[in-house]
Amino acid sequence: MSLDYVKFSPGFEKFMPKEYKDMVEHGPFGKKTTVSQMGSFKEILEEHPMCAGCAMTLFIRLAMISFPNPEDTITVGTAGCGRLAISQAAIPFVYGNYGDQNGVASGLSRGLRLRFGDKPKDVVVMAGDGGTADIGFAQTLHSWIRKEKFTTIMLDNEVYGNTGGQESGMTSRGAVLKMAPLGKKFEKMDMVGMAKVAGCVYVATVVPNNPRRVESVIKKAVLIAREVGPTYIQAYTSCNIEYAIPTDKVMEDAKNVEDDRYKFSEYISDEAKQYLAERYGYKEFLPKPAAAVTQA
Amino acid sequence: MATNEMMTGNLAAAWGARLAEVDYVPAFPITPQTEIVEALAGWCDNGDLAARFVTLDSEHSMMTAAGAAAATGARVFTATSSQGLLYAFEVLYTIAGWRVPLVLVNVSRALASPITLEPDHNDVLAARDSGFLQIHVETCQEVLDSILMAYRIAEDPRVCLPAMVNLDGFYLSFTREPVMRPDPEQVRAFLPPYRPPHLGLKASAPQALGVAVLGGAAYSYFRHQMHLASVNALAVHQEVAADFARLFGRRYDLIEDYRLEGAEDVLVMSNAFASKGKAAVDAARARGRRVGLLRLRVIRPWPAEAIVAALKGRRAVAVLDQNLAPGLGGILFQEVAASLSHAPTRPRALCSYIGGLGGKNISDAEFESIFAQTAEAGVRGQGIGPVLLYTEEERREMEQLLATAGTTNKELSAFSSQQSAGGPKLKADN
C-alpha cells in the first residue's frame, strides 16, 4: 500500500464530493495526527450512517485518529453497528462473516507478514460484543491462544444494537432488553480476565469520554501487536438508542458507568513494556535505574 | 375463538409457534428475522406461552440445541435468516439425519458478498438437499398456517424430518396483512401435544444419534430412508391439507394454480413475489394474453407429479428464479425442466429468468417482456435463458457508479456486452 490510493479517478476531480476532495488534500496520511488536533485535518472517518449521539462512533473516530500508521492499517469488522461506520473509513476494511473477524485477522496478519515482512502493516479488529464474545467467542479466544499478532477491540455496547436491542453475553445481569423482557438472567462475561488467561500481552478497558486516554491505549495496543503478541481493548461504547440514554447525556452516562463498573484498567506484560521502551521510546517503561548500593 | 387482525409476516410466524404450543425456543438475532424471536421472548416471559426461551451464542449453537431438544421429544421452534442459516448449515444436515421433527422459519435474505438485507432465495435453496422439508409461502396468513401444517407433517411417523417454512424478508416479514388467527382449541384438535414414544433417550430403550457407519452400506441405507421419508411427506401433506381445510376453511396444496385454466403459457414463481406475478397475469389476461401462474409451495419434497400435471401440454413455460447459481443459472428452472423432460406432452419451450436478486423490484414492464418473450419462444419451439431481469435504467445507474469509481470506457463496454452474453437482453422501459 502507499499514500497513492486516496486519489481522484482521472477526469473526476471536479465531480467528486467535497468530503473526498478534503480526504485527498487534508487527510491524515503520512502525518502524525493526534486527537487534540481534531478539527484541523480530515479524519479517515467522518461521514457515517450511525445514530445521533452514538458513543461507539466517537470511539471509532478517536481510535482511527490514534492508529500509528493509518495508511498501513487494515481494519477487520463483523456484523453490527460498528462496521457500518468502519467500512466507510478511507482505509482498507475486510468483512467475512459474523463472528469470524479474528479468524480473518489471523490470516491477514500472517499473509501481510509473509508479503511485507520488512514493513509493519497493522491489523486491527473492531467488532461488537456479540461478534467478539458470543458468536465469535471461539475464534477470538483461539487467535489469542495462538499468539496472533494483531489488535482486537471490542466495541462493547452491551446489546445487539444493529438487530434492534437484544441481550448479549456482555449485557449486564438484570438489563431489560428485547430478548430479555424480564431482565437478563446471567452475569456479564469477563472477557478481560479471559484475554489475560488466553495470552494477550496488553489488555485495557476504556470509555470514550477521555480522548487522550483512548489515543494512548490504541497506540500502545497496535504497536505491541506488531511484534510482541495479541492485544485486547474493551471499550464501553453505549447504545443510546436501546438503553434510552438521551443524546446529550451519552458522555455523562459513560462517566457514570466508568466510575461504577467500567473503570480504566491496563495490563502490560513485561516483554511488552520493554519493547515499547526500547523501540518506541516510552520512557515510563524504561527500566528503573538501579538503586544505589548501600554499604553494608 | 378465531380473530382477524393485522400482522406482519414475522408476527404471524411467532403466532404459528405460539399456537403450536411449542416447548422450547433456542434463539439468536438476525435481520430480518429478529422480530419473531423477540415476540416469543415476550410471551415466554409473561407466561402467554409456556415454553423455555433461551438466547444462544450463535446460530450454530442454536440449531444444535434445537435438534437436541427435539430428540428428547420436545416440540421445538426456531427462526433464522440468510447468513444465520448458512452458519448453522452443518447442523441442518446432522439433525435431519437424527430424524427429529422441529420447525425452523427462515426469513429469506440474499447472501453475502456483497452484503444486503433484502430477499432472494439463495439462502433457503442452499439448504434444499439437507433433508429438511421446505414450504415456501406467499402471504402472512400462509406463514401462520404453514407452521401449523409443518409440525403435523414433520411429526408424522411416516416422515420424522425437520421442516423449514420460508418467507421473504421485508416483502413479507415487515408487511402487515389481515391474518385470521385460529382458535387455540381448534389448533389443539388439529395439532395435539407432541409426546412421541420413540423419542426421549430413555435408559430402558438405549438409542444413539449420529453414530459412525463406515463402509457405505449402512450409510446408504439411512440416507435412502431419509429420501423415502421425505417423499412420504407429499402424501402426508395432502392429508394434513385436507384436515386443515376442514377445520379452518383454508386449503393449501403442494403447488398453487393461479388462472392456469386455458393458459397457453405459464409463469412459474415462488414466495411473496408470486403476488406481483399474479397481478401481472391479471394485467396480461386483460390484454388478451392467455397466461397463468404456477406457484411452487412445497419445494422439498419436490412435487414432480403435481408440477408435470399442471404444465404438460402448455405452449411455453417460463420459470422466474429469485436466485442465481453462478455458472448454472436458476435453481428451480433446472428442477422444473428435469421434471418435464419425460412428460408425454411437454411444453414446446422452457424459458429461464433470474429476477428479484437482493430484493430488486420486478416491474410490470419486465413481466410483460417475459410474457412476450415466452410466447415467441413457444411459437419458435426453442427456449431461452437464463435471462437476468435488469432494466436499461438500472444498467445506466450501474455504469455511472462504475465510471465514478474509475472504470475505463473499454471496461464499461465489456460490462455491457456481458449483460447480453447470457441470452437476449431484456428490454423494459420501467
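Report on the accompanying structure. Predicted model only: the values in this text are computed from it and were never measured. (Residues numbered from 1 in each chain as written. Chains lettered and ligands numbered in written order. Predicted model: local features only at pLDDT ≥ 70, side-chain atom pairs only at ≥ 80, totals over all residues. Heavy atoms only, no water.)

In terms of helices and strands, chain A carries 10 helices and 7 strands. Overall, chain A is about 70 × 60 × 35 Å in size when its C-alpha atoms are taken along their principal axes. The buried share among the 296 residues of chain A stands at 53%. Taking the contacts inside chain A whose residues are at least 6 apart along the sequence as the reference set, 68% of them involve residues at least 24 apart. (Helix = DSSP H or I, 4+ residues; strand = E, 2+ residues; numbered from the N terminus. Buried < 20%, exposed > 50% of the residue type's maximum accessible area, 1.4 Å probe, protein only. Contact = heavy atoms within 4.5 Å.)

This part is about the sheet that holds strand 15 (residues 387-388) of chain B. Residues and elements named next belong to chain B. With mixed pairing, 6 strands are arranged side by side in an open sheet as 9-11-10-13-14-15. Of all the strands in the sheet, the pair left with one neighbour each is strand 9 (255-258) and strand 15. The pairing of strand 10 (residues 265-270) with strand 13 (residues 316-321) spans 4 bridges and is classified as parallel. By the bridge assignment, Asp-265 is partnered in strand 13 with Ala-316. Contacts between helix 10 (residues 273-286) and the sheet are confined to strand 9, strand 10 and strand 11 (291-296), with strand 11 contributing the most and set at about 165 degrees to the helix. Set on the sheet, helix 11 (residues 304-311) makes contact with strand 9, strand 10, strand 11 and strand 13; between it and strand 11 the angle comes to about 175 degrees. (Pairing = 2+ DSSP bridges. Axes fitted to C-alpha atoms, helices over the stretch in contact; angles between N-to-C directions.)

Note that Thr374(B) resides in helix 13 (residues 364-380). Setting aside residues no more than four positions away along its own chain, Thr374(B) makes contact with Asp265(B), Ala316(B), Val317(B), Ala318(B), Cys351(B) and Tyr353(B).

It is worth spelling out helix 4 (residues 101-115) of chain A at this point. Residues and elements named next belong to chain A. Taking 1.5 Å as the rise per residue, helix 4 with 15 residues should run 21 Å; its terminal C-alpha atoms sit 21 Å apart, in good agreement. For helix 4, every residue scored as buried is listed here: Gln-101, Asn-102, Ala-105, Ser-106, Ser-109 and Leu-112. Looking straight down helix 4, one finds that the buried residues subtend no more than 145 degrees of arc, so they occupy a single side. Residues of helix 4 that are exposed and angled more than 90 degrees away from the buried face: Leu-114 and Arg-115. Buried residues in helix 4 make contact with strand 1 (73-77), strand 3 (122-128), helix 5 (129-134), helix 6 (137-145) and strand 4 (151-156). (Expected span 1.5 Å × (residues − 1). Arc of directions from axis to C-beta.)

Residue and element names in this part refer to chain A. Remark: helix 2 (residues 55-66) packs on helix 8 (residues 211-227), axes separated minimally by 9 Å, with the N-to-C direction vectors making an angle of 55 degrees. Looking at the two axes, helix 2 sits oblique to helix 8. The two elements helix 2 and helix 8 meet at a crossing, and its hand is right-handed. Together, Phe-59, Leu-62, Ala-63 and Ser-66 of helix 2 and Pro-211, Val-214, Glu-215, Ile-218 and Lys-219 of helix 8 make up the contact between the two elements. Tallied by class, the residues present in the contact of helix 2 with helix 8 amount to 6 nonpolar, 1 polar and 2 charged. (Parallel < 35°, antiparallel > 145°, perpendicular 65-115°, else oblique. Left-handed = near helix turned anticlockwise from the far one by under 90°. Nonpolar A, V, L, I, M, F, W, Y, C, P; charged D, E, K, R; others polar.)

This next bit is on the pattern of salt bridges. On inspection of all chains with the given rule, the structure shows 50 salt bridges over all chains. Measuring nitrogen to oxygen at the nearest pair gives 3.0 Å for the salt bridge that ties Arg173(A) to Glu187(A). Here the residue Arg173(A) occupies a position in the loop between strand 4 and helix 7 (191-198), and Glu187(A) occupies one in the loop between strand 4 and helix 7, the gap between them amounting to 14 residues. Neither Arg173(A) nor Glu187(A) differs from the other in exposure class; each is exposed. Residues Glu256(B) and Lys278(B) are paired through a salt bridge, measuring 2.9 Å at the closest nitrogen-oxygen approach. With Glu256(B) in strand 9 and Lys278(B) in helix 10, this residue pair connects regions lying 22 residues apart in the sequence. (Salt bridge = Lys/Arg side-chain N within 4 Å of Asp/Glu carboxyl O.)

Turning to the interface of chain B and chain A, a few remarks are in order. Taken together, the contact pairs 23 residues of chain B with 21 residues of chain A. Summed over both sides, the interface of chain B with chain A buries roughly 1,700 Å², with 61% coming from carbon and sulfur. Considering only the surface of chain B that becomes buried against chain A, Pro29(B), Glu38(B) and Asp45(B) emerge as the three largest contributors, covering 29% of it. Scanning the region where chain B abuts chain A turns up 1 salt bridge. (Buried area = accessible area lost by both parts, 1.4 Å probe.)

With 116 residues, the main nonpolar core has Leu40(B), Met63(B), Phe77(B) and Val105(B) as its most contacted residues. Within the second largest apolar cluster, 46 residues are counted, among which are Phe67(A), Ala89(A), Tyr202(A) and Ile233(A). (Core = buried A, V, L, I, M, F, W, Y, C linked by side-chain atoms within 4.5 Å.)

Our next topic: the pairing of strand 2 (residues 24-27) of chain B. Residue and element names in this part refer to chain B. Both faces of strand 2 are covered, namely the face carrying Tyr-24 and Pro-26 and the face carrying Val-25 and Ala-27. Relative to strand 3 (residues 52-55), strand 2 runs parallel, the two sharing 4 bridges. In the strand pairing of strand 3, Val-25 is matched with Phe-53. In this fold, strand 2 hands off to helix 2 (residues 34-46), which returns the chain to strand 3; that crossover is right-handed. (Right-handed = clockwise from strand over helix to strand, strands pointing away.)

Below, the discussion takes up the pairing of strand 14 (residues 349-354) of chain B. All names here are of chain B. The buried fraction of strand 14 is high, at 5 of 6 residues. Across 6 bridges, the pairing between strand 13 and strand 14 is parallel. Residue pairing in the sheet places Leu-320 in a bridge with Tyr-353 of strand 14. Where strand 14 and strand 15 come together, 2 bridges link them in parallel fashion. In the sheet register, Tyr-353 faces strand 15, and the bridge partner there is Val-387. One crossover worth recording links strand 14 to the parallel strand 15 by way of helix 13, and it is left-handed.

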